[in-house]
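Below, each chain spelled out in residue letters.
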Amino acid sequence: TMPSVGGLSAMATLMDAGTTSNADVTEIFVAYSGATGDVGFRLHGGLVTGDDSTGGADDEQENSEYGINIDTGGMGFRMTREEATTKNNAGVASAKIETNEYAVTYKASDDLTLGVVVLDSKDKLDTTNNPKLDQTVIAANYFIMPGLRIQASTIDFDYEGATNNSGSAMNLALRIDF
């Protein structure tokens with residue numbers, strides 16, 4: 001990762017899986033942060049490629065992601081779009097999962113932040129099972145004192161595909177930061 005220069009930062013990584021594996025990964029991400037008046041923003045985008053991503057012979061994974069964050073006062077807004085494509089050894093796409101994520105946060109006080117995240121994801125190439133995921137997370141983060149916080153969240157999800165599944169879960173955690 002390079003240091004931020006005029007709000008621009010970038011990262012590039014290459015992972016060589018060794019001589020007995022083809023699971024090499026390359027990542028390149030760029031972000032630009034700035035502010036206009038009391039409004040801060042961050043634009044980001046990136047590409048990730050990986051060989052032999054599923055353990056199948058010579059398949060390839062190509063992912064892209066881009067998004068925007070906007071913060072003003074105690075409110076934060078985020079939108080992220082990701083596309084993940086798996087290609088077989090002939091270069092033909094066998095899966096293309098498109099995911100959209102939207103989030104809103106509200107800093108109610110110096111100690112309490114509330115948030116809502118909505119996610120939808122669908123494999124555009126699987127017309128047999130039509131897999132689709134819709135998910136909503138509602139969360140709170142409360143600082144009891146420096147280094148000690150309590151986090152609570154609830155998640156509701158609905159998955160449609162070869163096997164339909166829906167439900168909800170609740171999480172409560174006490175987090176200690178050193």
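All of the points below concern the structure found in this document.

Each value, and the rule that gives it
- Residues numbered from 1 in each chain as written.
- Predicted model: local features only at pLDDT ≥ 70, side-chain atom pairs only at ≥ 80, totals over all residues.
- Heavy atoms only, no water.
- Pairing = 2+ DSSP bridges.
- Helix = DSSP H or I, 4+ residues; strand = E, 2+ residues; numbered from the N terminus.
- Contact = heavy atoms within 4.5 Å.
- Phe/Tyr/Trp six-rings, centres within 6.5 Å; stacked < 30°, edge-to-face > 60°.
- Buried < 20%, exposed > 50% of the residue type's maximum accessible area, 1.4 Å probe, protein only.
- Axes fitted to C-alpha atoms, helices over the stretch in contact; angles between N-to-C directions.
- Salt bridge = Lys/Arg side-chain N within 4 Å of Asp/Glu carboxyl O.

With that settled, the discussion passes to the pairing of strand β7 (residues 112-123). Looking along a regular strand, one sees the side chains alternate between the two faces of the sheet. Across 11 bridges, the pairing between strand β6 (residues 93-107) and β7 is antiparallel. Pairing of Asn100 across the sheet is with Asp120, part of β7.

The next point concerns the environment of Leu112. Take Leu112: it is sitting in strand β7. Sequence separation between Leu112 and Tyr142 is 30 residues; the distance between their C-alpha atoms is 4.5 Å. Those residues in contact with Leu112 that sit more than four places away from it in its chain are Tyr106, Lys107, Ala140, Asn141 and Tyr142.

A few words on the pairing of strand β8 (residues 132-145). As judged from the 11 bridges shared by β7 and β8, these two strands associate in the antiparallel manner. For Leu119, the partnering residue across the bridge sits in β8 and is Gln135. As defined by bridge partners, β8 adjoins strand β9 (residues 148-160) across 13 bridges and the pair is classed as antiparallel. The residue bridging Ile138 from the neighbouring strand is Thr154, located in β9. The hairpin turn running from β8 into β9, its antiparallel successor, is two residues long, and Gly147 in that turn takes a positive phi close to 85°.

Moving on, we get to the packing of aromatic side chains. A full pass over the atoms with the stated rule returns one aromatic pair. On the numbers, 5.9 Å between centres and 45° between planes, the contact of Tyr32 with Phe41 is tilted. Under the relative-accessibility criterion, Tyr32 is labelled partly exposed at 37%.

The subject of this paragraph is the environment of Asp51. Structurally, Asp51 can be placed in strand β3 (residues 39-51). Distance from Asp51 to Glu62, taken between C-alpha atoms, is 8.9 Å for residues 11 residues apart in sequence.

Turning our eyes to something else, we now look at the sheet that holds β3. Taking strand neighbours across the sheet as the criterion, the 10 strands line up as β1-β2-β3-β4-β5-β6-β7-β8-β9-β10 in an open arrangement whose pairing is antiparallel. The open sheet terminates on both sides in strands that have one partner only, identified here as β1 (8-15) and β10 (165-176). For this sheet, the mean angle separating the axes of adjacent strands, direction not counted, is 10°. For β9 and β10, the ladder comprises 12 bridges, and the chain directions are antiparallel. Across the sheet, Gln151 pairs through a bridge with Ala173, a residue of β10.

For the rest of this paragraph, the subject is the pattern of salt bridges. In this structure the tally under the stated criterion is 10 salt bridges. Close ionic contact of Arg81 with Glu98 constitutes a salt bridge, the shortest N to O distance being 3.2 Å. Taken together, the positions of Arg81 in strand β5 (residues 75-87) and Glu98 in strand β6 put the pair 17 residues apart, joining distant regions of the chain. Overall, the relative accessible area of 15% leaves Arg81 in the buried class. Measuring nitrogen to oxygen at the nearest pair gives 2.9 Å for the salt bridge that ties Asp177 to Arg149. With Asp177 in the segment after β10 and Arg149 in strand β9, this residue pair connects regions lying 28 residues apart in the sequence.

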